[in-house]
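Examining the three-dimensional arrangement
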Amino acid sequence: MAMQAQEIEDLIRAGFPNAKITITDLAGDGNHWAAEVTDESFRGMNRVQQQRAVYASLKGAMDGNNGALHALALTTKVPE
């Protein structure tokens, strides 16, 4: 079952309560999403570390065929 934008944001927000989060449905099908997450906690981390932290906040939603979240294009940033 596909996830809704709010569900994705809620999972990410639980791990990054002060982040600016933008979720976009890339294909209009509820299966292909983009997320942009901007958070101060990323400062000092490289991009791989930042993205791993966000994927960890999804708590298995992207785990193989059993994951409710099929595809997520992820962009992480540190606030300017």
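Residues numbered from 1 in each chain as written. Predicted model: local features only at pLDDT ≥ 70, side-chain atom pairs only at ≥ 80, totals over all residues. Heavy atoms only, no water.

1. Quick look at the pattern of salt bridges
Tallied over the entire structure, the rule returns three salt bridges. The shortest N-O distance in the salt bridge between Glu36 and Lys77 comes to 3.6 Å. Residue Glu36 is found in strand 2 (residues 32–38), and its partner Lys77 is found in strand 3 (residues 71–77); the two are separated by 41 residues along the sequence. Between Glu40 and Arg43 there is a salt bridge whose closest N-O contact spans 2.4 Å. The class of Glu40 is partly exposed, set by a relative accessible area of 44%. (Salt bridge = Lys/Arg side-chain N within 4 Å of Asp/Glu carboxyl O. Helix = DSSP H or I, 4+ residues; strand = E, 2+ residues; numbered from the N terminus. Buried < 20%, exposed > 50% of the residue type's maximum accessible area, 1.4 Å probe, protein only.)

2. Remarks on helix 2 (residues 47–57)
Residues of helix 2 that are buried: Gln50, Val54 and Ser57. Along the axis of helix 2, the buried residues cluster in a sector spanning 55°; they form a single face. Turned more than 90 degrees off the buried face of helix 2, the exposed positions are Arg52 and Ala56. For helix 2, the elements touching its buried residues are helix 1 (5–15), strand 2 and strand 3. By the N-cap criterion, in which a side-chain oxygen at the helix start approaches the backbone nitrogen of a residue two or three places on, helix 2 is capped by Asn46, the distance to Val48 being 3.0 Å. Lys59 sits one or two residues past helix 2 and shows a positive phi near 50°. (Arc of directions from axis to C-beta. Contact = heavy atoms within 4.5 Å. Polar contact = N/O pair within 3.5 Å; in protein donor to acceptor, adjacent residues only side chain to side chain.)

3. What to know about unusual backbone geometry
The phi angle at Lys59 is positive, at roughly 50°, despite the residue not being glycine. Structurally, Lys59 can be placed in the loop between helix 2 and strand 3. Given the relative accessible area of 62%, Lys59 is considered exposed.

4. What to know about the side chain of Gln50
By the secondary structure assignment, Gln50 is in helix 2. Among the polar contacts listed, one links the side chain of Gln50 to the side chain of Thr76, at a separation of 2.6 Å. Those residues in contact with Gln50, other than ones at most four positions away along the chain, are Phe42, Met45, Thr76, Lys77 and Val78.

5. Describing the packing of aromatic side chains
Evaluated as defined, the whole model comprises one aromatic pair. A ring pair is formed by Phe16 and Phe42, whose centres lie 5.3 Å apart and whose planes are at 50°; its orientation type is tilted. Remark: Phe42 occurs in the loop between strand 2 and helix 2 and Phe16 occurs in the loop between helix 1 and strand 1 (20–25); sequence separation between them is 26 residues. Here Phe16 matches Phe42 in class, with each residue buried. (Phe/Tyr/Trp six-rings, centres within 6.5 Å; stacked < 30°, edge-to-face > 60°.)

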